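Residues per chain are reported as follows:
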Amino acid sequence: MTPVSPADLAARIAARHRPGETLVVGITGSVAVGKTTLARQIAAALPAGLRVEILSTDGFLKPNAVLEAEGLAMRKGFPESYDRAAMAAALAGLKTGPVSVPAYSHTTYDVDPAAARTIAGADIVLVEGLGLAPDAAGTRPPLDLLLYIDAAEDDIIA
């Protein structure tokens, strides 16, 4: 597989954007493969006139109390630990209007309701994180494009 630079990805993404529309691009891969870093690099390389937002799927993890109650505390980060319905609704809503999106605190390691933010009017939303791959039924969140970062295990930062 030939590596593609963030600048090349940004150019390809910008070419897919249509004025007046929101392009929703997912970036996924294994844990610690560089999803957040790549999203930032792509955002920086996109044309200055585009309004770009970065959204992490971590905010759609079920709160720790819910994971505990459902017996999923040790499965955090696995598909069943995400509120997939809320993520799908938020991503679909990005196309039509303001959407409040939850945020995750890497200090408390839990969803932080006080850190939620509203995204409205973005030209491109880069959604980075886990939970973007199709589920067992083949359903995935509504994305216009999904990028998968593939890396050798030795290249993944743990």
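In what follows, the structure referred to is the one given above.
Calculation rules
- Residues numbered from 1 in each chain as written.
- Predicted model: local features only at pLDDT ≥ 70, side-chain atom pairs only at ≥ 80, totals over all residues.
- Heavy atoms only, no water.
- Buried < 20%, exposed > 50% of the residue type's maximum accessible area, 1.4 Å probe, protein only.
- Helix = DSSP H or I, 4+ residues; strand = E, 2+ residues; numbered from the N terminus.
- Pairing = 2+ DSSP bridges.
- Arc of directions from axis to C-beta.
- Contact = heavy atoms within 4.5 Å.
- Core = buried A, V, L, I, M, F, W, Y, C linked by side-chain atoms within 4.5 Å.
- Phe/Tyr/Trp six-rings, centres within 6.5 Å; stacked < 30°, edge-to-face > 60°.
- Lys NZ or Arg CZ within 6 Å of the ring centre and 35° of its normal.

What exactly am I supposed to notice about the pairing of strand E2 (residues 52-56) here?
Taken residue by residue, a regular strand's side chains alternate between the two faces of the sheet. With burial as the criterion, only one face of E2 is covered, namely that bearing Glu53 and Leu55; the residues Val52, Ile54 and Ser56 on the opposite face remain uncovered. In terms of strand pairing, E2 meets strand E7 (residues 124-128) through 5 bridges, oriented parallel. Looking at E7, one finds that Ser56 is bridged to Glu128.

What is the right way to read helix H1 (residues 6-16) from this model?
Each α-helix winds once per 3.6 residues, and so residues spaced three or four apart point in a common direction. Among all positions in H1, only Leu9, Ala10 and Ile13 are buried. Considered in projection along H1, the buried side chains sweep an arc of 100° and stay on one side of the axis. Buried-residue contacts for H1 involve strand E1 (23-29), helix H2 (35-45), E7 and strand E8 (145-149).

How should I be thinking about the nonpolar core in this particular structure?
Soluble globular proteins: nonpolar side chains tend toward being buried together. Ranked by size, the top nonpolar core spans 19 residues in total, and within it Leu55 and Leu91 carry the most contacts. Listing elements by their share of this core, those giving two or more residues are helix H4 (84-93), strand E3 (99-101) and E7. In terms of residue count, the dominant contributor to this core is H4 (3 residues). Counting residues in each nonpolar core, the second largest holds 17 residues, with Ile27, Leu50, Ile124 and Leu126 among its members.

For this particular structure, what's the right way to read the packing of aromatic side chains?
Given two aromatic rings, their pairing is described by the distance between the two centres and the angle made by the two planes. Under the defined criterion, the tally for this structure stands at 0 aromatic pairs. Directly above the aromatic system of Phe78 lies the positively charged group of Arg75, at a separation of 3.7 Å from the ring centroid.

Where do I start with unusual backbone geometry in this structure?
Most peptide bonds are trans, and most residues other than glycine sit at a negative phi. Backbone geometry at Ala32 places phi at a positive 65°, although glycine is not the residue there. Along the chain, the position of Ala32 falls in the loop between E1 and H2. Assessed through its relative accessible area of 33%, Ala32 is described here as partly exposed. Notably, Tyr109 is not glycine yet its phi reads approximately 55°, a positive angle. Counting through the fold element by element, Tyr109 comes out in the loop between strand E4 (104-105) and strand E5 (110-111).

Keep in mind these values describe shape, not function.
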